[in-house]
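Topology and contacts: notes
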Amino acid sequence: MTRINKAACIGGGVIGGAWAARFILAGIDTKVFDPHPDAERIIGEVMANAERAYGMLTMAPLPPKGKLTFATSIEEAVKGADWIQESVPERPDLKRSVLTQIDAAADSKALIGSSTSGILPTDLQRDMKHPERMFVAHPYNPVYLLPLAELVGGERTSRATLEEARAKLAPIGMKGVIINREIEAFVGDRLLEALWREALWLIKDDICDTETLDDVIRYSFGMRWAQMGLFETYRIAGGEAGMSHFLAQFGPCLSWPWTKLTDVVDLNDELVDKIAGQSDRQSGARGIRELERIRDQNLVSIMQALKAGDEGRGWGAGKLLAEFEDHLWKTAPPQAAGDAAQPIRLAEFKVQPSWVDYNGHMTEYRYSQCFADSADALLRMIGADMQYVAEGHSYYTVENHLRLLDECKLGDGLYVTAQLLPSDDKKLHSFLWLHRISDDRIVATCEHLMLHVSSQKGKAVPALAQIQARLEPLLAAHALLDKPEAMGRHVGQKR
Ligand SMILES: NC(=O)C1=CN([C@@H]2O[C@H](COP(=O)(O)OP(=O)(O)OC[C@H]3O[C@@H](n4cnc5c(N)ncnc54)[C@H](O)[C@@H]3O)[C@@H](O)[C@H]2O)C=CC1
Ligand SMILES: C[N+](C)(C)CC(=O)CC(=O)[O-]
């Protein structure tokens, strides 16, 4: 089975709560066990931020949300779950004891992942009866947006477990990377710890403050790392002579006094106060949830930009986002036809920050996007879905007339309705209205003409019989509706 059916999160703090959000937004029923008295409130707040982020992340139809349940024991939480994620505090004894309880209560085939940032899975699975299905699934904060999980097996983890975990992460938009061999802190935290250690020295020695240090990262190599990793970036830095030239030029620096990497700073009260004070001055004016929202919006923008990378083929995390969206479209239930005697309600949208232009309202081409995505929803409704396209048939838009009637502001919810106009086996003519959800006001209209084509022949051909069979009753019902008042308008015509 390459799909998670039911999940359990043991520990619902920063990481466990965000795993729960990832599962629930992927449509997976999830039970959480966390004895913290505020666990429900905290997860509620994380869920709200995660939903807000997903609203900006994708136009693809998310599945209906999974059900969130709070359990009163580990045993209750793991019952029936096929993926159990442990995210309790980073204390080896606590984790081992919690994992042993999970192991005793869970289905013997359930996968058990630990979010540990660096403890060896061999140590964690020591007392388990079924250690072969236990592994580290080390995520990155925020788990609901950052797609990576490092998958690390212990001495008694089976290879099949790691492969199964990787396969099950893909449909929830995550990239599972199997690490060859277990090592403390795995790969990501090895790198982050080295950077962090050096950063602590720089603050302690008054070389810079926390804000300057963060600026150095975010205005330079931080941006590079979001799109290419270390080695690909350095290959480019080697110029035409490439990586070997880069190594020849900068290799010797490794023995220069550029680094204190092996020394660990004494994180005493004085240094803790210094860092906390500088951090308060840097970011203390904003609350944690507000900072999370700013971070999430930035991460969404980065992923969307990367989706357009490599000439539109997508790059890195953006390519993964495109694949996730493709999966969402393919698994979306067919568009409901609704009442055939009324215009069809097709798709909903939310005006996102990247949709707003210098005039402070939704920019022109996003109106077109709402109509184009709605036309796609109409096509799926009549059976012209991705499978139909893969088989060599499709509808292409050949003409449209767009009217922008009102402004749409950041955060406005919008929906589209459509009326089919007289059409035939090759032409699909429709009239679409874009409405604001809050007051139902029409903010734009689009008269739209599509041609049915054979992508192999590169010309218009009649739609296949199964499409026509779905279209005909709709066309007949819509023929009885009043003609849209603005149908057939041309540019500049008086209303
Ligand atoms: N915070 C981060 O940036 C990251 C943390 N991790 C790892 O995730 C794990 C959890 O860390 P955080 O979420 O940051 O910690 P946290 O302190 O925010 O959450 C831990 C939660 O576990 C709960 N808990 C304590 N004992 C429990 C028990 N016996 N059963 C069930 N729940 C229990 C606590 O009430 C708390 O809500 C750690 O292993 C950590 O290394 C991994 C990646 C990033
Ligand atoms: C600080 N940390 C070790 C808990 C960080 C991680 O494990 C990953 C992350 O999200 O940075």
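Along each chain, residues carry numbers from 1 onward, in the same order as the chain's sequence is written. The lettering of chains begins at A and the numbering of ligands begins at 1, in the order of writing. Side-chain atom pairs in this predicted model are given and counted only at pLDDT of 80 or more, local residue features only at pLDDT of at least 70, and totals for whole chains, interfaces and linings cover all residues. Computation of side-chain values: all heavy atoms of the structure, hydrogens and water removed.

Things to note about the overall build of the protein chain
- Of regular secondary structure, the protein chain possesses 16 helices and 14 strands.
- Accessible area is worked out with a 1.4 Å probe on protein chains only. A residue is then buried under 20% of its type maximum, exposed over 50%, and partly exposed in between. Within the protein chain, buried positions represent 43% of all 495 residues.
- Sequence-distant contacts, at least 24 apart, represent 69% of the contacts inside the protein chain between residues at least 6 apart.
- Working definition of accessibility: Shrake-Rupley area with a 1.4 Å probe, residue cover restricted to the visible protein chains. For the protein chain, the exposed surface amounts to about 26000 Å²; the carbon and sulfur share of it is 55%. To qualify as a helix, a DSSP run of H or I must reach at least 4 residues; to qualify as a strand, a run of E must reach at least 2; elements of each kind are numbered from the N terminus. Residues are treated as being in contact if the distance between any of their heavy atoms lies within 4.5 Å.

Section: the sheet that holds strand E7 (residues 148-153)
- Strands are labelled as partners when DSSP assigns at least two bridges between them. An order of E3-E2-E1-E4-E5-E6-E7-E8 is seen for the 8 strands of this open sheet, with the pairing classed as mixed. Two strands lie at the open edges of the sheet, namely strand E3 (68-70) and strand E8 (175-178), each paired on one side alone. Looking at each pair of strands side by side, their axes are set apart by 25° on average, direction ignored.
- In this analysis an axis means a line fitted to C-alpha atoms, helices contributing only their contacting stretch, and an angle means the value between N-to-C directions, from 0 to 180 degrees. This element, helix H4 (residues 92-105), spans strand E1 (6-10), strand E4 (83-86), strand E5 (111-114) and strand E6 (134-139) of the sheet and lies at about 165° to E4.

Brief notes about the UniProt feature "domain: 3-hydroxyacyl-CoA dehydrogenase NAD binding" (unreviewed entry) in the protein chain
- UniProt positions are given in the numbering used here, feature names are shortened, and annotations may be inferred rather than shown by experiment. Here the UniProt feature "domain: 3-hydroxyacyl-CoA dehydrogenase NAD binding" (unreviewed entry) sits at residues 6-180.
- Secondary structure across residues 6-180 divides into 37% helix and 21% strand, with the first and last C-alpha atoms of the span separated by 28 Å.

What to know about the side chain of Ser374
- Within the secondary structure layout, Ser374 lies in helix H14 (residues 364-381).
- Classification of Ser374 by relative accessible area gives buried; the value is 0%.
- Throughout this description, a polar contact denotes any pair of N or O atoms lying within 3.5 Å of each other; where both atoms belong to protein, one of them has to be capable of donating a hydrogen while the other can accept it, and for residues adjacent in sequence the pair is counted only when both atoms sit in side chains. Within the structure, the side chain of Ser374 is placed 2.7 Å from the backbone oxygen of Cys370, a separation counted as a polar contact.
- Residues within four places of Ser374 in sequence aside, it is in contact with Leu346, Ala347, Phe349, Val416 and Leu432.

Some details on the site of ligand 2
- Here a residue is considered near a molecule or strand provided that any single heavy atom belonging to it is located within 4 Å of it. Taken together, Ser117, His138, Tyr140, Asn141, Asp189 and Leu192 make up all the residues around ligand 2.
- Here an oxygen atom of ligand 2 sits 2.7 Å away from a polar atom, N or O, in the side chain of His138.
- At a separation of 3.0 Å, an oxygen atom of ligand 2 approaches a polar backbone atom of Asn141.
- Calculation on ligand 2 without its partners gives an accessible area of 320 Å², and the protein chains cover 56% of this total.
- Gly is put with the polar residues, along with every residue not named as nonpolar or charged; the nonpolar set is Ala, Val, Leu, Ile, Met, Phe, Trp, Tyr, Cys and Pro, and the charged set is Asp, Glu, Lys and Arg. When its residues are assigned to classes, the shell around ligand 2 shows 2 nonpolar, 3 polar and 1 charged.

Some words on the side chain of Asn49
- Here Asn49 lies in helix H2 (residues 39-57).
- A relative accessible area of 3% means that Asn49 is categorised as buried.
- Reaching out from Asn49, the side chain makes a polar contact with the backbone oxygen of Arg289 at a distance of 3.5 Å.

Here's the deal with the site of ligand 1
- Around ligand 1 lies a shell of 22 residues, among which Ile15, Asp34, Glu90, Lys95 and Ser117 are the nearest.
- Interatomic distance of 2.9 Å between a backbone N/O atom of Ile15 and an oxygen atom of ligand 1.
- Between ligand 1 and Ser117, the relevant distance is 2.6 Å, taken from an oxygen atom to a side-chain nitrogen or oxygen of the residue.
- Look at ligand 1: alone it shows 820 Å² of surface, and the protein chains cover 73% of it.

Overview of the UniProt feature "binding site: NAD(+)" (unreviewed entry) in the protein chain
- In this numbering, the UniProt entry assigns the feature "binding site: NAD(+)" (unreviewed entry) to Gly11, Gly12, Gly13, Val14, Ile15 and Gly16.
- Looking at where Gly11 falls in the secondary structure, it is placed in the loop between E1 and helix H1 (14-25).
- What Gly11 contacts, discounting residues up to four positions off in sequence, is Gly16, Gly17, Phe33, Asp34, Ser87 and Val88.

As for the state of the cysteines
- Note on disulfides: each one is a pair of cysteine sulfur atoms within 2.5 Å. In total, this model carries 0 disulfides according to the counting rule given.
- Cys208 carries a free sulfur, and the closest cysteine sulfur to it, the one in Cys253, is 20 Å from it.

Concerning unusual backbone geometry
- Following Asn141, the chain continues into Pro142 via a peptide bond in cis, with omega recorded as 0°.
- Tracing the backbone shows Pro142 in the loop between E6 and E7.
- Of note in the backbone geometry, Ala185 takes a positive phi value of approximately 70° without being a glycine.
- Of note, Ala185 is situated in the loop between E8 and helix H7 (188-204).
- For Ala185, a relative accessible area of 16% gives the class buried.

Digging into the pattern of salt bridges
- Basic side-chain nitrogens of Lys or Arg form a salt bridge, by our definition, when they fall within 4 Å of a carboxyl oxygen of Asp or Glu. A complete count under the given rule lists 27 salt bridges for this structure.
- One salt bridge in this structure joins Arg286 and Glu290, with 2.9 Å as the shortest N-O distance.
- We classify Glu290 as partly exposed; its relative accessible area is 31%.
- With a closest N to O distance of 3.0 Å, Asp296 and Arg295 form a salt bridge.
- Look at the salt bridges and you will find they share partners, linking Asp38, Arg41, Glu45, Arg289 and Glu292 into a network.

A short note on the domain arrangement of the protein chain
- Segmentation of the chain into domains, including their bounds, is taken from an automatic or database domain assignment. Looking at the assigned domains, one finds that the protein chain contains domain 1 (6-186), domain 2 (201-284) and domain 3 (334-478).
- Taken over C-alpha atoms, the centre of domain 1 sits 31 Å from the centre of domain 2.

Brief notes about the nonpolar core
- Judged by nonpolar contacts, the single largest core of 43 residues is most densely connected at Phe23, Trp83, Tyr144, Leu145 and Leu151.
- If you list the elements that add at least two residues to this core, you get E1, H1, H2, E6, E7, helix H6 (159-169), helix H12 (288-307) and helix H13 (317-331).
- Broken down by element, this core gets its largest block of residues, 8 residues, from H2.
- Dropping the residues within four chain positions of it, Phe23 is found in contact with Ile4, Ala7, Cys9, Ile28, Thr30, Trp83, Gln85 and Ile172.
- Core analysis: the second largest hydrophobic core is formed by 36 residues, Tyr388, Cys408, Ala418 and Ile467 among them. As used here, the term nonpolar core means buried Ala, Val, Leu, Ile, Met, Phe, Trp, Tyr and Cys residues forming a set that is joined through side-chain atoms within 4.5 Å.

Some thoughts on a nonpolar patch on the surface
- Only residues whose relative accessible area exceeds 30% and that take part in no salt bridge are eligible for patches, with like-charged residues grouped when within 9 Å of each other and nonpolar side chains (Val, Leu, Ile, Met, Phe, Trp, Tyr) grouped when within 5 Å. Together, Leu192, Leu195, Trp225, Leu230, Phe231 and Tyr234 give the surface a local cluster of nonpolar side chains, amounting to about 570 Å² of exposed area.
- Those elements giving two or more residues to the nonpolar patch turn out to be H7 and helix H9 (230-237).
- Top element by residues in the nonpolar patch is H9. It accounts for 3 residues.
- Of the residues examined, Leu195 reaches a relative accessible area of 36% and is grouped as partly exposed.

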